[in-house]
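This is what each chain is made of:
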Amino acid sequence: MEGMKTWFLVVLVVLGSHLTAQEAQKLSIDQAVNLAIEHNLSLSNTKRDLAAKQRKADTAWNVFIPTVDVSGTLARMNEASTVSALVPVPPAGMGGVYDYVMPISRELPQWSLSSRFSATLTLNVALFEGLKNVRMDYENGKIGYEKARAQLERDVRKSYIQILLLQENVKLLKENLAAAEKRLETARANYRGGLAPELTVLQAQVGAENLKPAIQDLENSLQLAIESLAMSLGLPHGTRLELQSLPLPDLSLDLDMEALISRAVKDKPDLEELRRSILLLQSTKQANFYQLYTPSLSLGWTFDPTFQGDPMKDNWFDSESWKQRSGMFSITLAWRLNSLLPFSREAQGLADLDDTIAKMNTSLAMAVRGTETEVYSIILKLQKSQQSMNALKLNVDLAKRAYALTEDAYKAGLKDIMEITNADLDLRKAQLEVMKEQFNYITGLLDLEYAIGVPFGTLTRS
């Protein structure tokens with residue numbers, strides 16, 4: 001028993017060391033996007049819907065295939081039936097003069113055998129508009145898929161950049177903790193040498209300890225962000241990711257407000273999808289109009305050979321025993337007249353479609369105005385980032401210089417621990433402001449790229 005326990009512990013140690021030694025998966029931002037497009041479950045469902053619409057569009061011509069039915073019936077009557085007739089019988093030698101009428105009775109077979117083949121095809125002008133409608137629905141599906149794909153790519157890129165920001169923030173806090181612990185050691189050494197009071201040591205210790213919960217919270221946020229990104233990419237739980245750093249995009253981009261707003265109104269995926277939906281609904285209304293206000297031509301052909309003998313006794317393959325009862329070829333022209341009345345249900349259905357189209361056009365106008373406001377807001381934020389980035393970097397340089405001077409003064413006994421802590425806090429705030437502004441600038445460019453309908457990287461890699 002003790003041997004089994006020892007073996008089990010050895011296995012756990014080996015597995016644990018294997019998992020610990022597992023290398024992190026290196027991942028560039030483009031590789032992350034490709035993985036998301038390939039493995040994201042929501043996008044996969046959208047792709048399946050698009051494939052179904054394509055299949056429907058490729059086979060839309062099947063409306064011209066006649067409806068064909070084939071049936072065969074072998075039946076048995078519950079009770080035998082007879083057929084009776086009166087046959088006139090002339091006397092011998094009397095020619096056409098009949099002497100009397102003789103009744104004849106014949107018992108019919110209880111079993112019967114019959115078959116039927118029918119083909120019908122109904123033609124209407126609406127069929128041709130229906131073909132166009134199916135093709136437009138497929139084009140709509142492609143726009144919807146591209147929109148979902150663009151949204152996914154934008155979100156993955158934002159998540160990737162957010163993780164890089166969190167990693168830099170954690171790194172910055174750890175550097176601050178290391179500096180705080182160094183100050184604590186200096187304060188203790190000064191206290192032991194009689195150069196500083198115990199209060200200085202306690203203040204330094206409090207400053208260092210206060211950083212540890214903040215680092216832990218930030219590391220938890222970082223781990224959650226990595227798990228969320230891994231799930232979006234279809235990677236297993238617990239996958240370690242090593243992300244590549246990204247260069248800062250060009251801060252001197254020419255952000256022409258009017259040109260970018262005009263392009264967004266024309267090419268934003270959301271607006272294009274809405275425009276296509278309106279065209280599809282207009283086509284649906286036209287197909288319904290043709291269906292109601294144009295006649296339909298129906299072509300039909302039936303063939304129903306019936307076995308004349310007893311299917312249990314006679315030969316089925318005797319062609320003389322098969323006769324047709326009511327087979328025919330027919331051409332029918334039909335027109336529903338009640339739809340011509342303006343207050344009929346059908347006419348009111350068309351009026352409802354008109355209302356829906358009008359509401360969708362209103363929604364499109366509102367979406368256009370919303371897009372104009374959105375792009376205007378994005379560009380204002382980007383311009384603000386362009387203008388403030390240099391000032392923020394200058395603040396960092398000044399904060400570094402102030403911290404260095406305060407640290408030298410502290411070492412010389414001219415500054416207390418609180419002053420150097422405040423200088424360190426000012427430096428950390430300045431560095432965080434730069435990172436936040438860089439994050440806002442890059443994510444703003446991603447939103448702008450999506451809004452104007454250009455491939456991602458057009459602006460962020462300039």
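Since we're looking at a predicted model, the values are computed, not measured.

What counts, and at which threshold
Residues numbered from 1 in each chain as written. Predicted model: local features only at pLDDT ≥ 70, side-chain atom pairs only at ≥ 80, totals over all residues. Heavy atoms only, no water. Helix = DSSP H or I, 4+ residues; strand = E, 2+ residues; numbered from the N terminus. Buried < 20%, exposed > 50% of the residue type's maximum accessible area, 1.4 Å probe, protein only. Contact = heavy atoms within 4.5 Å. Areas by Shrake-Rupley, 256 points an atom, 1.4 Å probe, with all protein chains shown as cover. Arc of directions from axis to C-beta. Polar contact = N/O pair within 3.5 Å; in protein donor to acceptor, adjacent residues only side chain to side chain. Salt bridge = Lys/Arg side-chain N within 4 Å of Asp/Glu carboxyl O. Axes fitted to C-alpha atoms, helices over the stretch in contact; angles between N-to-C directions. Parallel < 35°, antiparallel > 145°, perpendicular 65-115°, else oblique. Left-handed = near helix turned anticlockwise from the far one by under 90°. Nonpolar A, V, L, I, M, F, W, Y, C, P; charged D, E, K, R; others polar. Phe/Tyr/Trp six-rings, centres within 6.5 Å; stacked < 30°, edge-to-face > 60°. Lys NZ or Arg CZ within 6 Å of the ring centre and 35° of its normal. Expected span 1.5 Å × (residues − 1). Core = buried A, V, L, I, M, F, W, Y, C linked by side-chain atoms within 4.5 Å. Patch = residues over 30% accessible without salt bridge, like charges linked within 9 Å, V, L, I, M, F, W, Y side chains within 5 Å.

Asks: I'm lost on the overall build of the protein in this one. Help?
Replies: Secondary structure assignment for the protein yields 9 helices and 10 strands. In the protein, which comprises 462 residues, the proportion classed as buried is 34%. Partitioning the intrachain contacts of the protein with sequence separation of at least 6 by distance along the chain shows that 79% fall at a separation of at least 24. Counting only carbon and sulfur atoms, one obtains 57% of the accessible surface of the protein, whose full area is about 28600 Å².

Asks: Mind showing me how you'd approach helix α6 (residues 257-267) here?
Replies: Three- or four-residue spacings in an α-helix give side chains the same orientation, since the helix completes a turn every 3.6 residues. Three or more residues of α6 are buried, namely M257, L260, I261, A264 and V265. Looking down the long axis of α6, one finds its buried residues gathered within 135° of arc, a one-sided arrangement. Exposed side of α6, more than 90 degrees from the buried face: E258 and K266 are the residues found there. Sitting at the head of α6, D256 places a side-chain oxygen 3.4 Å from the backbone nitrogen of E258.

Asks: Which parts of the structure should I look at to understand the environment of Q387?
Replies: Position of Q387 among the secondary structure elements: in helix α8 (residues 345-411). Separated by 135 residues in sequence, Q387 and S252 have C-alpha atoms that sit 9.7 Å apart.

Asks: Is there a simple way to explain the pattern of salt bridges in this structure?
Replies: Two side chains carrying opposite charge are able to pair once their charged atoms lie near each other. Across all of its chains, the model carries 19 salt bridges by this definition. Of the charged contacts in the structure, one is a salt bridge between D30 and R157, with a shortest N-O distance of 3.1 Å. Of this pair, D30 sits in helix α2 (residues 29-39) while R157 sits in helix α4 (residues 125-192); the two residues are 127 residues apart in sequence, bridging distant segments of the chain. Judged by relative accessible area, which is 32%, D30 ranks as partly exposed. In this structure, D137 engages K53 in a salt bridge whose closest nitrogen and oxygen atoms are separated by 3.6 Å. In this pair, D137 is assigned in helix α4 and K53 in helix α3 (residues 41-58), connecting sequence segments 84 residues apart. Taking the relative accessible area as the measure of exposure, K53 reaches 29% and is therefore partly exposed. Residues joined by salt bridges that share partners form a network here, namely D30, E153 and R157.

Asks: Would you mind going over the side chain of T294 with me for this structure?
Replies: Relative to the elements of secondary structure, T294 occurs in the loop between α7 (269-293) and β7 (296-303). Among the polar contacts listed, one links the side chain of T294 to the side chain of N124, at a separation of 3.2 Å. Here Y290 takes part through its backbone oxygen, which lies 2.2 Å from a polar atom of the side chain of T294. Those residues in contact with T294 that lie beyond four places of it in its chain are N124, V125, F289 and W335.

Asks: Would you explain the side chain of Q431 in this entry?
Replies: Relative to the helices and strands, Q431 is located in helix α9 (residues 417-452). Each residue touching Q431, except ones within four places of it in the same chain, is listed here: L172, V396 and K400.

Asks: When you look at the packing of α4 against α7 in this model, what are you seeing that I'm missing?
Replies: Packed helix pairs are characterised by how far apart their axes lie and by the angle those axes make with each other. Look at α4 against α7: their axes get within 9 Å of each other, and the N-to-C directions meet at 165°. The angle between α4 and α7 places the two elements in the roughly antiparallel class. The handedness of the crossing between α4 and α7 is left-handed. Considering only residue class, the contact of α4 with α7 consists of 9 nonpolar, 9 polar and 9 charged.

Asks: Help me out: how do you make sense of the packing of aromatic side chains in this one?
Replies: Geometrically, a pair of aromatic rings is defined through the distance of the ring centres and the angle of the planes. For the structure shown, the criterion picks out 5 aromatic pairs. When the centroid spacing of 5.6 Å and the interplanar angle of 65° are considered together, the rings of F117 and W301 count as edge-to-face. In this pair, F117 is assigned in strand β5 (residues 111-123) and W301 in strand β7, connecting sequence segments 184 residues apart. Overall, the relative accessible area of 39% leaves W301 in the partly exposed class. Seen in terms of ring centroids, F289 and Y290 are 6.1 Å apart; in terms of plane orientation they differ by 65°. Their pairing is edge-to-face. By relative accessible area, which is 35% here, F289 ends up partly exposed. Given the relative accessible area of 23%, Y290 is considered partly exposed. In this structure an aromatic cluster arises from ring pairing among F117, W301 and F303. One cation-aromatic arrangement involves R154 over Y450; the distance from NZ or CZ to the ring centre is 4.5 Å.

Asks: What am I meant to see in helix α5 (residues 198-232) here?
Replies: Under the 1.5 Å per step criterion, the end-to-end length of α5 is 52 Å for 35 residues, consistent within 8% with the ideal 51 Å. Looking at the residues trailing α5, positive phi occurs at G234, about 80°.

Asks: How should I be thinking about the nonpolar core in this particular structure?
Replies: Most often, soluble globular proteins keep nonpolar side chains buried together rather than apart. By size, the foremost hydrophobic cluster in this structure holds 37 residues, and its most contacted members are V156 and L233. For this core, the elements supplying multiple residues, two or more each, are α2, α3, α4, α5 and β6 (241-243). The residues contacting V156, other than those within four sequence positions of it, are A32, V33, A36, L229 and L233. Counting 28 residues, the second largest nonpolar core, distinct from the first, contains A264, L292, L350 and L445.

Asks: Sorry, what's going on with a nonpolar patch on the surface here?
Replies: On the surface, a cluster of nonpolar side chains totalling about 630 Å² of accessible area is made up of L297, W301, F303, F329, I331 and L333. Taken together, the elements giving at least two residues each to the nonpolar patch come down to β7 and β10 (328-334). Take F329: it is sitting in strand β10.

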